[in-house]
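# Survey of secondary and tertiary structure
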Amino acid sequence: MARRFLYLFIPDFAFDWRRNGDSALTSGDRPLIMTRRVAGSEIIAAADSAAVQQGIQVGRSLADARAMLPDLKALEADMGADRKRLEQLAAWCQHYTPMVAADSSATPFNGEGGSAGLYLDITGCAHLFRREGAEDTRTEEQALGRDCLAALSRFGFAARLAVADTPDAARAIARFSPSTLTLVPPGKTSMALEPLPVAALGLVPATVEALDRVGLRRIAQIIGKPRAPLVSRFGAAMVEALDRALGQRPAALDMRLPEVPFRERLAFAEPIALREDLERAARQCLAGLCRRLEREQAGARRVRVRFFRVDGAVPQITVGTSRPCRDADVLFRLLVQHFDKLDPGFGIDVAVADILESDMAGGVQGALGATAGQDRDAVADLGDRLANRLGGEAIYRLQPTESHRPERAERRGDIRPSGKPLHWSNLRPLTPERARPVRLMRRPEQVEATALLPDHPPARFRWRGAEYRVAEAAGPERLAPEWWRTDAEDGAAVDAMTRDYFRLEDQDGRRFWLYREGLAERGEKPQWYLHGLFS
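Residues numbered from 1 in each chain as written. Predicted model: local features only at pLDDT ≥ 70, side-chain atom pairs only at ≥ 80, totals over all residues. Heavy atoms only, no water.

Moving on, we get to the overall build of the protein. Looking only at helices and strands, the protein features 14 helices and 20 strands. Across the 535 residues in the protein, those meeting the buried criterion constitute 43%. Considering only intrachain contacts with a sequence separation of at least 6, the fraction spanning at least 24 residues in the protein is 60%. Surface exposure of the protein reaches about 28,700 Å², of which carbon and sulfur atoms provide 50%. (Helix = DSSP H or I, 4+ residues; strand = E, 2+ residues; numbered from the N terminus. Buried < 20%, exposed > 50% of the residue type's maximum accessible area, 1.4 Å probe, protein only. Contact = heavy atoms within 4.5 Å. Areas by Shrake-Rupley, 256 points an atom, 1.4 Å probe, with all protein chains shown as cover.)

Have a look at this one:
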């Protein structure tokens, strides 16, 4: 299939979206400019079409512009706000095609005032706009283009677009052709480029001036010229730009998002806004995704549903699962709890469901062992609902780590199983001699202890100002230091001394877990610490 690209050019992008949100800017049709401070003076960063037609130039001072047009209205440039609005528009354009890229050379305030441009790779997408009985590809592309222009007009944007075989050709035609919608037939790129000025290739001003001095003002005058003389006189960049426009050299586009393998799209004849309609649309998209997952023997781990509003906003809901899932009802239950925060605005005309992360999943066993499997799935579904409602950080599970030190033997982890095998030291059974307390201190607390002999358990100890007399004791369980763990600065071992753990019970039946750090026979001064409490 031949590649087809659509270029969307908005000459007054930075001004159009501000006018749409502020009625004061539209009153009186006053020329608008945007300024930024450079070396202590206000410089014009962008000017709308009305200001440019009256002689205002980007780069001049605000004082000079006001001398020419006293009624000129000036706004402060905000590149961050323009970049965010362009990203929102690019996200909205993804309901035409998943492949959308911003034109880095035509973003607001990038040397060309407040204009902006977007590339859309519409290869294989135009048929979605095919009218009944129409078989002509150009008719499909024309319907797509008209739909896009009509939507942008509702958003408050005055735009031009072109469709061609290469992205650079579409860009040149959209920016330099007076027509609002231009469709270049497949294979006719060279013919469409010939009447355009050489500046349409995106050349730097110095190269355009050099070409103008020798009488080369139109692309038709350089298409058939030998390449070697052009390179030697005007540089390789000019020839490379021409080759990209003609499709003889590939163009590198930074697409906004990678294409996902599983996607379902649902378009509506009329915008919808009722919650039951939105839920029905989400169910239908999820059902289609799950049928595809079933054929691929895969399961979803992270699902996103986007709703494209008629005003250009794209609210979305993203949920995750702790296990590969291809049950549409389970996925819908995770999504529907976020529908209260979904604002349909003036209506939604397209819904798109994507699987952002998937995993292989085998068949589901039926009757044999169904009770155990159902219980396990119910626990996983409960964890998914809590995590998607409260946030992934609020729900966690303890995962064993490769350490025999109690404070490092476990760590907080994602409720989703990682699939990594556990270390053998963490799989040893906890025998009565290796019992662990229910409550482990965040940090071991030092205590004062008295023992009959250096290697005996304590007979009594003082902790937090209270004294406890030991009635029963068991141990020790000796844990050697982890000599391979070193401090990053001096290379010394983090745990340099051996620990002897004892399980103690006082005269009132309270049970403690204490350890003695350091061995007297090695000349070390032993210290006692309380590390945990048994139930």
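As a further point, take the pairing of strand E2 (residues 32-38). The sheet contact formed by E2 and strand E4 (residues 73-76) spans 4 bridges and is parallel. By the bridge assignment, Thr35 is partnered in E4 with Glu76. For E2 and strand E3 (residues 41-47), the ladder comprises 6 bridges, and the chain directions are antiparallel. What sits directly across from Ile33, in E3, is Ala47. Turn length for the E2-E3 hairpin, with the two strands adjacent in sequence and antiparallel, is 2 residues, and the turn residue Ala39 shows positive phi of about 55°. (Pairing = 2+ DSSP bridges.)

Moving on, we come to the packing of helix H10 (residues 227-234) against helix H11 (residues 236-246). Running from N to C, H10 and H11 cross one another at 130°; their axes reach a closest spacing of 7 Å. By the angle class used here, H10 and H11 are oblique. Note on element contacts: H11 touches H10 through Ala236, Met238, Val239, Leu242, Asp243 and Leu246, opposite Arg227, Leu230, Val231 and Phe234. Tallied by class, residues from the contact of H10 with H11 come to 8 nonpolar, no polar and 2 charged. (Axes fitted to C-alpha atoms, helices over the stretch in contact; angles between N-to-C directions. Parallel < 35°, antiparallel > 145°, perpendicular 65-115°, else oblique. Nonpolar A, V, L, I, M, F, W, Y, C, P; charged D, E, K, R; others polar.)

For the pair helix H12 (residues 275-296) and helix H13 (residues 328-336), interaxial distance at closest approach is 9 Å and the crossing angle is 140°. As the angle between them shows, H12 and H13 are arranged oblique. For H12 against H13, the interelement crossing comes out right-handed. Taking contact as the criterion, the partners of Arg275, Glu279, Ala282, Arg283, Leu286, Ala287 and Cys290 in H12 are, on H13, Ala328, Asp329, Leu331, Phe332, Leu335 and Val336. Considered class by class, the residues forming the contact of H12 with H13 number 9 nonpolar, no polar and 4 charged. (Left-handed = near helix turned anticlockwise from the far one by under 90°.)

Before going further, it helps to spend a moment on the sheet that holds strand E16 (residues 458-463). Spatially, the 6 strands close up into a barrel ordered E15-E16-E17-E18-E19-E20, and their pairing is antiparallel. Mean inter-strand twist for the sheet, computed between neighbouring axes without regard to direction, equals 45°. Pairing between E16 and strand E17 (residues 466-479): 4 bridges, direction antiparallel. Its bridge partner being in E17, Arg462 is matched across the sheet by Glu467.

Let us look at the sheet that holds strand E9 (residues 263-272). Strand order in this open sheet of 4 strands is E9-E12-E10-E11, and the pairing throughout is antiparallel. Each end of this open sheet is capped by a strand with a single partner; those strands are E9 and strand E11 (316-325). Along the sheet, successive strands turn relative to each other by an average axial angle of 15°, direction set aside. Relative to E11, strand E10 (residues 298-309) runs antiparallel, the two being bridged by 6 bridges. Across the sheet, Arg302 pairs through a bridge with Gly320, a residue of E11. Docked against the sheet, H12 engages E9, E10, E11 and strand E12 (348-360), running at close to 160° with respect to E9. Against the sheet, H13 touches E10 and E11, its axis set at about 140° to E11.

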